[in-house]
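One letter stands for each residue in the lines below.
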Amino acid sequence: MKHRTQIIITAISFFVVLACKNKNTEPEVLSQTTHKTEVSDSLIKNPPAGMVWIPGGTFLQGAVPQDKMAMKYEKPQHSVTVDGFFMDITEVTNAQFSKFVKETGYVTIAEREIDWEEMKKQLPEGTPKPHDSIMQPGSLMFKKTKESVPNLYDFSQWWRWVIGVNWKHPSGPDTDIKGKENHPVVHIAYEDAQAYCKWAGRRLPTEAEWEFAARGNKNNTIFFWGDERDKLSKKANSWEGEFPVYNTLEDGFERTAPVKSYPPNNFGLYDMAGNVWEFTSDWYNLNYYDEVASTKKTTINPKGADKAYNPNNPYLQEKIIKGGSFLCSDSYCASYRVSSRMGTSMDSSAEHIGFRTVATPDMLEKK
């Protein structure tokens with residue numbers, strides 16, 4: 001989609017509120033055999049700049065049995081095989097995205113005018129058009145609350161729609177990215193990420209590829225480093241303290257951190273937990289894990305569900321995002337866990353969403 005339906009729905013909800021006042025028998029180390037391909041040693045030893053080779057293998061996708069914070073939609077575990085691929089060692093940065101925009105003149109969704117006629121096609125019939133003061137280019141920004149929030153399902157309490165916010169002005173219309181060239185680019189929608197991929201000769205990872213890569217050779221752990229929650233502040237940029245009231249800054253950052261601020265996983269990938277959510281190419285379908293697990297077969301290079309399905313957002317076309325962000329906390333979503341997955345509308349952008357890319361050997365050979 002080319003328009004920010006999810007964001008405007010959120011903005012509408014703000015005004016409505018104001019007006020109304022499993023057993024795992026897999027080995028710890030993943031199989032390193034690929035399904036089909038022979039990749040030259042020279043290509044593996046000399047990957048594209050900023051990328052690393054992720055060897056193929058078989059693993060159990062989904063929440064591990066000991067993960068007490070796992071959500072229902074992260075289960076059940078199911079066997080998956082992926083072929084080897086190359087992956088960006090970091091999230092795409094402001095500097096990288098700036099180069100793309102400079103060479104192409106690309107304009108992100110958060111910078112574009114909003115077409116109500118297109119937008120309302122995704123909304124329940126009869127949804128009133130928001131006031132023109134809202135229907136202007138912008139994006140979602142996080143705002144702390146002044147006191148404890150009893151209902152953490154009501155995200156309108158800490159998200160606000162800000163006109164003039166986009167990747168070039170990430171913290172407000174009067175801000176810029178000077179000095180943040182090495183931070184992950186944010187306020188990116190799915191279409192924006194796809195446009196970057198096309199320019200770079202890359203693609204977005206599937207959810208299975210992303211999770212396999214994030215596990216970094218560990219198949220039965222909650223986090224990419226193991227099961228130890230007390231290591232979080234040294235391993236990832238997350239929210240520590242009472243969400244969304246105060247952040248202790250134990251990990252050193254309140255918003256985004258420069259890429260490579262924390263140790264990589266065993267594959268050499270940085271920020272596979274926290275910092276910003278990352279797009280995958282899969283549809284967010286809450287029935288998919290049950291359906292694929294029911295076959296009791298190993299799926300090979302799965303691309304996810306055929307269509308989106310989320311009864312909580314039945315009118316939206318959502319893609320899966322992985323990895324969590326600087327806003328994730330134990331009390332809210334704890335999405336720095338490897339199996340964590342959430343859905344976001346294809347035309348949504350926000351302060352905590354970015355992406356990284358992958359490439360397969362055949363893509364590089366064609367290039």
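What you see is a predicted model, and the numbers here were worked out from it, not measured in a lab.

**Q** What exactly am I supposed to notice about the confidence of the model for the protein here?
**A** Should the pLDDT be low somewhere, the predicted coordinates at that spot are not to be read in detail. Per-residue confidence for the protein averages 88 on the pLDDT scale, and 89% of its residues sit at or above 70. Here residues 12-36 scores under 50 on pLDDT; set against residues more than four positions off or in separate chains, the count is 51 contacts.

**Q** Please explain the pattern of salt bridges as it appears in this structure.
**A** Should the charged atoms of two oppositely charged side chains come close, the side chains can pair. Applying the stated criterion to the full structure yields 13 salt bridges. Among the salt bridges present, the one from glutamate 209 reaches arginine 203, with a minimum N-O distance of 2.9 Å. Between glutamate 211 and lysine 322 there is a salt bridge, with the nearest N and O atoms lying 3.0 Å from each other. Taken together, the residues span a long stretch of sequence, with glutamate 211 in helix H6 (residues 207-215) and lysine 322 in strand E9 (residues 318-322) at a distance of 111 residues. Residue classification places glutamate 211 among the buried positions, given a relative accessible area of 0%. Judged by its relative accessible area of 0%, lysine 322 falls in the buried class. Each of the salt bridges in this network shares a partner with another, and the network as a whole consists of Glu207, Glu211, Arg215, Lys322 and Arg341.

**Q** Got a minute to help me understand the sheet that holds strand E3 (residues 78-82) in this structure?
**A** With mixed pairing, the three strands of this open sheet are ordered in space as E2-E3-E8. The sheet is open, and its two borders are formed by strand E2 (57-61) and strand E8 (299-300), each paired with just one other strand. Of the strand pairs in this sheet, E2 and E3 are connected by five bridges, and their pairing is antiparallel. Considered in E3, the bridge of glutamine 61 is made with histidine 78. Contacts from H6 reach E2 and E3 within the one sheet, and its direction differs from that of E2 by about 100°.

**Q** Which parts of the structure should I look at to understand the nonpolar core?
**A** The nonpolar side chains of a soluble globular protein tend to be buried with one another. Residues Ile54, Met87, Phe97, Phe279 and Phe355 are the most contacted members of the largest nonpolar core, which totals 68 residues. Setting aside its immediate chain neighbours within four residues, isoleucine 54 contacts Gly84, Phe85, Met87, Phe212, Ala213, Phe267 and Leu269. Core analysis: the second largest hydrophobic core is formed by seven residues, Val39, Leu43, Trp53 and Ala359 among them.

**Q** I'm lost on the packing of helix H3 (residues 94-104) against helix H5 (residues 190-200) in this one. Help?
**A** Two quantities define a packed helix pair, namely the angle between the axes and the distance from one axis to the other. At a minimum axis separation of 11 Å, H3 and H5 run at an interaxial angle of 75°. It follows that H3 is roughly perpendicular to H5 by the angle criterion. Residue-level inspection shows Gln96, Phe97, Lys99, Phe100, Glu103 and Thr104 of H3 in contact with H5, the latter providing Asp192, Ala195, Tyr196 and Trp199. Tallied by class, residues from the contact of H3 with H5 come to five nonpolar, two polar and three charged.

Reading the values: the criteria
- Residues numbered from 1 in each chain as written.
- Predicted model: local features only at pLDDT ≥ 70, side-chain atom pairs only at ≥ 80, totals over all residues.
- Heavy atoms only, no water.
- pLDDT = per-residue confidence, 0-100.
- Contact = heavy atoms within 4.5 Å.
- Salt bridge = Lys/Arg side-chain N within 4 Å of Asp/Glu carboxyl O.
- Helix = DSSP H or I, 4+ residues; strand = E, 2+ residues; numbered from the N terminus.
- Buried < 20%, exposed > 50% of the residue type's maximum accessible area, 1.4 Å probe, protein only.
- Pairing = 2+ DSSP bridges.
- Axes fitted to C-alpha atoms, helices over the stretch in contact; angles between N-to-C directions.
- Core = buried A, V, L, I, M, F, W, Y, C linked by side-chain atoms within 4.5 Å.
- Parallel < 35°, antiparallel > 145°, perpendicular 65-115°, else oblique.
- Nonpolar A, V, L, I, M, F, W, Y, C, P; charged D, E, K, R; others polar.

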